[in-house]
Amino acid sequence: MTFKKSSILFFALPLMGICQTGLSENFYKELNLIGGYSDNNKWIGKKGKSLKNSVGFEYYHKFSDEYGDFLTLDLQVRFAYDSMQSRSDAFGVEFHNAWLEYKLGLGQSIRVGHFSPAFGLEPVLDTHGTLLQTLAAKNIGFKKDWDFAYKGIWGDFDYEIAAQLGSGMGIRRQDGSYLLSTRISTPQTHDPQIGLSFLIGRTLLSKESWTIPTPELISDKAVSKKRIGIDIQFPLAVFDFKAELAAGDNDGRTVAGGMAELIYTVPENQNLKLKLQAMYWSNYWEQKRSRDLTVAPVVEYKLSSATTVRLGYFHDLYSNTDEDNMIIMQFYYFGL
């Protein structure tokens, strides 16, 4: 059985026989318009690999019975256009959240499908449509991966264990690829929120960040990875502060990096937020010239509960390739 057929069965089998149960569902529409100017690439219509001009939806569905909710479905899909590709290769379908979660008991659940590895800030932050991202793309190579996870409670701590394909957006397994990750954390309702993460695996890197058509691999060889990470979130005076650090090795080479972000909500206008992020990553820690350091101030304003506009400036202080300066504007709609 192929992985594509297996992934379809993951969603189909749990739904059989539950049509008589109660349900709660929402269907959200999404529109992401992004454009700007880069010193290196001139006029651009994307930010990184994952944020492109796109239209999409999210279908969120909870099944329940007389004892409460027992099954959750989340399907989040984008139809994207990559302005940096040739016209024939510029369109693709991106599966972001695409999972089923079955509740086993208080604080316990099993999840199958496409979701964030259990590492760092990405599993607890919603960065689906934001200009500022977590460390996940630089650290792991992608934000989400396919297969299954288990969530539980250990004393006063929450924990998650995930076993995935190591392929990211595409559904494939090659050169022994896999990804095992775990994160233990304080409850999200408490401050400070602190997480400790571990990861081991062999991951594939793709040139494109979509699911259909199957993305082309950068290399036929998987990259062996080991990681340890720590993340934290808490109020800091008038700011919200979040940060994460990760270190380990890729095929025996030491890698490390971190991200820190400050968020200020203007008291007189709660719809206006000012953000400042610094992100550092090195794939060759021993070589000082092989590093990425970007500082990014972003202004965010909510026009309505569903519509947000953002203006960001991204300045590379160091870069593995060519240092770049980008100014990017985004119009983002996500609503019923």
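Residues numbered from 1 in each chain as written. Predicted model: local features only at pLDDT ≥ 70, side-chain atom pairs only at ≥ 80, totals over all residues. Heavy atoms only, no water.

Novice: Looking at this model, I keep getting lost on a nonpolar patch on the surface. Mind explaining?
Specialist: Taken together, the side chains of Ile194, Leu196, Phe198, Ile228, Ile230 and Leu245 make up a nonpolar region of the molecular surface, amounting to roughly 510 Å² of accessible area. Assessed through its relative accessible area of 38%, Phe198 is described here as partly exposed. (Patch = residues over 30% accessible without salt bridge, like charges linked within 9 Å, V, L, I, M, F, W, Y side chains within 5 Å. Areas by Shrake-Rupley, 256 points an atom, 1.4 Å probe, with all protein chains shown as cover. Salt bridge = Lys/Arg side-chain N within 4 Å of Asp/Glu carboxyl O. Buried < 20%, exposed > 50% of the residue type's maximum accessible area, 1.4 Å probe, protein only.)

Novice: Explanation requested: the pairing of strand β14 (residues 253–265) in the structure shown.
Specialist: A regular strand places its side chains so that they alternate between the two faces of the sheet. The sheet contact formed by strand β13 (residues 239–250) and β14 spans 11 bridges and is antiparallel. Within β14, the position partnered with Ala246 by the bridge is Gly257. Taken together, β13 and the strand that follows it, β14, pair antiparallel across an intervening segment of two residues, in which Asp251 is found at a positive phi of about 50°. Looking at chain direction, β14 and strand β15 (residues 272–282) are connected through 10 bridges and run antiparallel. Looking at β15, one finds that Ile263 is bridged to Lys275. In textbook terms, the turn of a hairpin is the stretch between consecutive antiparallel strands, and for β14 and β15 this stretch comprises six residues. (Pairing = 2+ DSSP bridges. Helix = DSSP H or I, 4+ residues; strand = E, 2+ residues; numbered from the N terminus.)

Novice: Which parts of the structure should I look at to understand the nonpolar core?
Specialist: The nonpolar side chains of a soluble globular protein tend to be buried, and buried together. Of all hydrophobic cores here, the largest spans 13 residues; its most connected members are Leu135 and Ile140. For this core, the secondary structure elements donating two or more residues are β14 and β15. Not counting residues up to four positions away in its chain, the partners in contact with Leu135 are Glu244, Ala246, Gly257, Gly258, Met259, Met279, Tyr280 and Trp281. In this structure, Leu131, Leu132, Met326 and Ile328 belong to the second largest nonpolar core, which totals 10 residues. (Core = buried A, V, L, I, M, F, W, Y, C linked by side-chain atoms within 4.5 Å. Contact = heavy atoms within 4.5 Å.)

Novice: Explain unusual backbone geometry to me, please; I cannot follow it from the model alone.
Specialist: Negative phi characterises most residues that are not glycine, and trans characterises most peptide bonds. Of note, the bond from Asp191 into Pro192 is cis; its omega dihedral lies within 30 degrees of zero at -5°. Within the secondary structure layout, Pro192 lies in the loop between β10 (178–185) and β11 (193–203). Following Ile212, the chain continues to Pro213 via a peptide bond in cis, the omega torsion being -5°. Positive phi is not limited to glycine here, since Asp147 has a value of about 135°. Assignment of secondary structure puts Asp147 in strand β8 (residues 145–154).

Novice: Got a minute to help me understand the side chain of Ser38 in this structure?
Specialist: By the element assignment, Ser38 lies in strand β1 (residues 22–38). A polar contact of 3.2 Å, which involves the side chain of Ser38, links it to the backbone nitrogen of Asn41. There is a polar contact of 2.7 Å between the side chain of Ser38 and the side chain of Asp324. When residues no more than four places from it in sequence are discounted, the contact partners of Ser38 are Ile44, Asp324, Asn325 and Met326. (Polar contact = N/O pair within 3.5 Å; in protein donor to acceptor, adjacent residues only side chain to side chain.)

Novice: Please explain the packing of aromatic side chains as it appears in this structure.
Specialist: Given two aromatic rings, their pairing is described by the distance between the two centres and the angle made by the two planes. On inspection of all chains with the given rule, the structure shows 10 aromatic pairs. Note on Tyr37 and Trp43: the rings are 5.1 Å apart at their centroids and 75° apart in plane angle, and the pair reads as edge-to-face. Ring geometry for Tyr280 versus Trp285: centroids 6.2 Å apart, planes at 90°, classification edge-to-face. One Lys or Arg, Lys47, reaches over the ring of Phe314 and ends 4.5 Å from the middle of that ring. Cation over ring: Arg291 sits above Tyr318, and NZ or CZ is 3.7 Å from the ring centre. (Phe/Tyr/Trp six-rings, centres within 6.5 Å; stacked < 30°, edge-to-face > 60°. Lys NZ or Arg CZ within 6 Å of the ring centre and 35° of its normal.)

Novice: Even after reading the chapter, I still don't get the confidence of the model for the protein chain, so can you show me in this structure?
Specialist: The predicted coordinates ought not to be read in detail in places where the model reports low pLDDT. Within the protein chain, residue pLDDT values average 91, and 93% of them lie at 70 or more. In the model of the protein chain, helix α1 (residues 3–15) stands out as the element of lowest mean pLDDT, 44, in contrast to β10, which has the highest, 98. Every residue in residues 1–20 scores below 50 in pLDDT, and together they form 24 contacts with partners more than four places removed in sequence or on other chains. (pLDDT = per-residue confidence, 0-100.)

Novice: When you look at the side chain of Lys52 in this model, what are you seeing that I'm missing?
Specialist: Within the secondary structure layout, Lys52 lies in strand β4 (residues 51–65). The exposure class assigned to Lys52 is buried, which follows from its relative accessible area of 2%. Of the polar contacts made by the side chain of Lys52, one reaches the side chain of Ser209; its length is 2.8 Å. Those residues within four positions of Lys52 in sequence are excluded, and the remaining contacts are Asn32, Ile34, Gly45, Lys46, Ala80, Tyr81, Asp82, Glu94, Ser209 and Trp210.

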